[in-house]
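Take a look at the letters that make up each chain.
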Amino acid sequence: MPLAAGYLAAMLQNDPELSMRCKVEILNYSGATSPWEMATQLLGSDVPDILCFSVLGWNVRQFGALAETFKQVNPKGIVVFGGNHVSNQAERILRQWPEVDVIVNGEGELTVVDLLARMMDGGELAEVEGISYRDAQGCVRTTSERARIEDLDIIPSPILSGVLPLHDDTGAFRYDVALLETNRGCPYHCSFCYWGGAVGQRVRSFSRKRLRAELELLAKARAETVVLCDANFGILRSDLEFVEDLVEVRRRYGYPKALETSWAKNKSKTFYEIVDIMRREGIRSSFTLALQTLNDNALATMNRKNMKINAWKDLTERLSADGMDIYAELIWGAPGETPESFLEGYDELAQHVSRIAAYPLILLPNTDYVERKDLYGFVTVRGDRDDFEYVLANKDMTLQQNLDMQRFLFWARLLAENLVLRRLFPALRAAGGVRQSQVILSVADHIEAERTVGAQLLREAAANSTADPDSLSPALEFCFTSAEFDELVTSWWQVNGPSLVPAQWVAPLAELIRFDLESRPLPDAAARGLYDARAEVRDGEEVLVAERNYTYDVLAMCDSVAEGRSSTAPRHTPMTMELCWKAGFVKLAASTNHEETAHYVAQCRRLDGVRKPAVAS
């Protein structure tokens, strides 16, 4: 959903003069679209006079190539770059892509109106605040900084104005998720982050009336998931009001069903009120524990040492007890961190939440890490398909240590973050004191030593993950779609299980592994050997349903592990269970968006009379 472009188009269409003199069109491309495909569509008919790009690190090379082609067709055309990756980076960007004429620094909504008005009237660019450009002599000039927009409601809503169409040709909601902003600004100043260029700034909010109206239109369009582009949702009382309005809208229209966002780093009373409402109303979400590291030295270099992350252990217990989905974030590669300290923190965190999103540090423009690159001893390399600075080493991390940890990150993201395995990690810790990182590396060692086609795919993806961040996508697709992956994991347990846990636990945990594998998100039932799965509609939602027999009560096993009652191995207790998957995961099987993936894990219900019915996910 091109929200940023929608803001600009809505501003131009709302201007009385420019709306009469300009024809504005939004072209929305996926990340997989090649410059060739973009060029043939863009230049096939009416060639624009001004081409504006919403630029981030992953698309700047594609857009630079498209700008070069555009200038061949329309040499007098103007190319404008804006967005986090190019803001305040004119010297480098204009040198690297000479076809770019103007860089927008900061928020673009007011700037683009001013810029186009000056261009159309032959005015001086020097009079436009918040831009960089080349003068007649080819020198880069930067104008005075434009003040932040205080009243965000002066930006017309691209949703309410109809600038962004919400339906496709079939009448379905057009986008994978609906994007909304409820506020702008972030009070923190983390060394690795440049959130919207508004780090260390006061938070400004859109009005409740506007947001409520946007929610109603999205609900009528049957937008299933709303994703908020806020840095710290849950920090303001207005965030609670937004959720209250979301509940009312959902009760009337049945949509949206899920809310995803970057949750407030510090959890206030307001946050817990929001959690209680969402739990009561059944609104899905993934609650983020954005710790980034548990090491004090690394926290200091991140400028997060004084950020009071509320007692995170108590937070995880409360959210888990309420049945809410929770995951944690860690960043590897910060100065002050070592492989030992990172894995120690990872395993400490895993005792409370096994779903950990662990990412390698990437240096972003305008951040403290970039500005103090020499101090921290960063050695970086630019991506060949993007423009990010990937960290190779720093003053506390050698290249070889980094390569070893990058392999761990790949397998940790594959197995834990993306919910390929879930219940196994706490059960192994309870049964044999096996750490989550130890499990992940054991699985990795076994699969990489195999010689099957699938093992080769995963082995090569892991080896390429440092240089190719996209290598995780085909690996995930294999893990979710292929029955061969089940065979690889089963083989791992047969070989390694007896050395990891006492003998009486080997068979029960083998059954728990089968349960994990069968209940993971399901894109294609036949490909996974679930030939008896049937399509149904439940509570207005398309689902796939299948029954499975287990030789142990795996739900009771999960309960006993969670409650600390797992000192002895479970007895042989056959059970029948119904697995119910939300349909539609086929379009997300290769997606690295684990927050969306979490909604597709099977809901499980005991069918026999062994115990009182229970639900797990």
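Note that the structure is a prediction, hence the values are computed from the model and not measured.

### A look at the overall build of the protein
Part 1: Tallying secondary structure elements over the protein gives 23 helices and 21 strands in all.
Part 2: Its C-alpha radius of gyration of 26 Å places the protein within 12% of the 25 Å reference for a compact globule of 617 residues.
Part 3: Structurally, the protein occupies a C-alpha span of about 85 × 55 × 50 Å along its principal axes.
Part 4: Burial analysis of the protein (617 residues in total) assigns 54% to the buried set.
Part 5: Of the contacts formed within the protein by residues at least 6 apart in sequence, a portion of 70% connects residues at least 24 apart.

### Examining the side chain of Arg 210
Part 1: Secondary-structure assignment places Arg 210 in helix H7 (residues 208-220).
Part 2: Overall, Arg 210 belongs to the buried group, its relative accessible area being 9%.
Part 3: Residues in contact with Arg 210, not counting those within four places in the same chain, are Tyr 7, Leu 152, Asp 153, Ile 155, Pro 156, Ser 157, Pro 158 and Leu 160.

### Some remarks on the sheet that holds strand S14 (residues 362-363)
Part 1: Pairing within the open sheet is antiparallel, and its three strands lie in the order S14-S16-S15. Only two strands of the sheet have a single partner each, and these edge strands are S14 and strand S15 (379-382).
Part 2: The pairing of S15 with strand S16 (residues 389-393) spans four bridges and is antiparallel. When the bridges of S16 are listed, Thr 380 appears paired with Val 391.

### Some points on the environment of Leu 363
Part 1: If you trace the backbone, Leu 363 turns up in strand S14.
Part 2: Judged by its relative accessible area of 3%, Leu 363 falls in the buried class.
Part 3: Residues Leu 363 and Phe 388 lie 25 residues apart in sequence; the distance between their C-alpha atoms is 6.7 Å.
Part 4: Excluding anything up to four places from it in sequence, Leu 363 contacts Tyr 369, Val 370, Lys 373, Phe 378, Thr 380, Glu 389 and Val 391.

### With respect to the side chain of Asp 347
Part 1: Note that Asp 347 resides in helix H12 (residues 339-350).
Part 2: Discounting residues that sit within four places of it in the chain, Asp 347 has contacts with Arg 435, Gln 436 and Ser 437.

Cut-offs and rules
Residues numbered from 1 in each chain as written. Predicted model: local features only at pLDDT ≥ 70, side-chain atom pairs only at ≥ 80, totals over all residues. Heavy atoms only, no water. Helix = DSSP H or I, 4+ residues; strand = E, 2+ residues; numbered from the N terminus. Rg over C-alpha atoms; globule rule 2.2 N^0.38 Å. Buried < 20%, exposed > 50% of the residue type's maximum accessible area, 1.4 Å probe, protein only. Contact = heavy atoms within 4.5 Å. Pairing = 2+ DSSP bridges.

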